[in-house]
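Understanding the architecture of this molecule
Here is how the chains run, residue by residue.
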Amino acid sequence: MAEENKSLESLGSLTGQGSAPVEAAAAPVYVQKLDKYGRAYATGKRKNAIARVWIKPGHGKITVNDKDFSAYFARPVLQMLLKQPLNTANRLDQYDINATVVGGGLSGQAGAVRHGISKALTYFEPDLRGALKKGGFLTRDSRVVERKKYGRVKARRSFQFSKR
């Protein structure tokens, strides 16, 4: 019969690890990413919408497709969605934001701009990454519309059954 090990140290020596201290992996260091004009650029995506976002120091002016964001996104819910990352970071009146968004509907476009603003904020100020990540603003929402299948009315809906 095999010899029994009574302690964890002896078990570690059997696997070849010994009792050497395990070094923790160093946390990645994030650096500021700016272009030659002093702006941070990021791409945000949501559903079928893609937003290109530039952030630079300013007075809090947000422009989407060469319009004021409140004119482009008329619904207050969508306007609130755009401001969420700035409110979380307490930087509402410190940056001018210029966004170009294509594809999808208004809701998807607002989500894409929010994602782009969040990423651009982390490129401009890497220290904000923790707060924005905790709020869930840096994660791309990967939900998209399911495709239609043949022999069905929609993606899952079948034709109405008739016994005749």
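Structural notes, computed from the coordinates. Worth saying up front: this structure is predicted, and the values here are computed from it rather than measured.

What counts, and at which threshold
Residues numbered from 1 in each chain as written. Predicted model: local features only at pLDDT ≥ 70, side-chain atom pairs only at ≥ 80, totals over all residues. Heavy atoms only, no water. Helix = DSSP H or I, 4+ residues; strand = E, 2+ residues; numbered from the N terminus. Expected span 1.5 Å × (residues − 1). Buried < 20%, exposed > 50% of the residue type's maximum accessible area, 1.4 Å probe, protein only. Salt bridge = Lys/Arg side-chain N within 4 Å of Asp/Glu carboxyl O. Phe/Tyr/Trp six-rings, centres within 6.5 Å; stacked < 30°, edge-to-face > 60°. Lys NZ or Arg CZ within 6 Å of the ring centre and 35° of its normal.

Brief notes about helix H4 (residues 106–124)
Across its 19 residues, H4 extends 27 Å between first and last C-alpha, which sits within 8% of the 27 Å expected from 1.5 Å per residue. Most of H4 sits out of view: 14 of its 19 residues are buried.

Some points on the pattern of salt bridges
Counted according to the given criterion, the structure contains 6 salt bridges. The partner of arginine 46 in a salt bridge is aspartate 141, with the nearest N and O atoms 3.6 Å apart. Linking arginine 46 in strand E1 (residues 40–46) with aspartate 141 in the segment after helix H5 (129–135), this pair joins segments that are 95 residues apart in sequence. The exposure class of arginine 46 is buried, given its relative accessible area of 15%. Judged by relative accessible area, which is 24%, aspartate 141 ranks as partly exposed. Residue lysine 149 is joined to glutamate 146 by a salt bridge in which the shortest nitrogen-to-oxygen separation is 2.6 Å. Among the charged side chains, a salt-bridge network with shared partners connects Arg46, Asp141 and Arg143.

What to know about the packing of aromatic side chains
The geometry of an aromatic ring pair comes down to the distance between the two centres and the angle between the two planes. Tallied over the full model, the rule gives 3 aromatic pairs. Here the aromatic rings of tyrosine 41 and tryptophan 54 are separated by 5.1 Å at their centres, their planes lie at 45 degrees, and the arrangement is tilted. Residue tyrosine 41 is found in strand E1, and its partner tryptophan 54 is found in strand E2 (residues 49–57); the two are separated by 13 residues along the sequence. Residue class for tyrosine 41 comes out partly exposed when judged on its relative accessible area of 36%. Overall, the relative accessible area of 19% leaves tryptophan 54 in the buried class. Looking at arginine 129, its charged tip hangs above the ring of tyrosine 30, at a distance of 4.5 Å from the centre.

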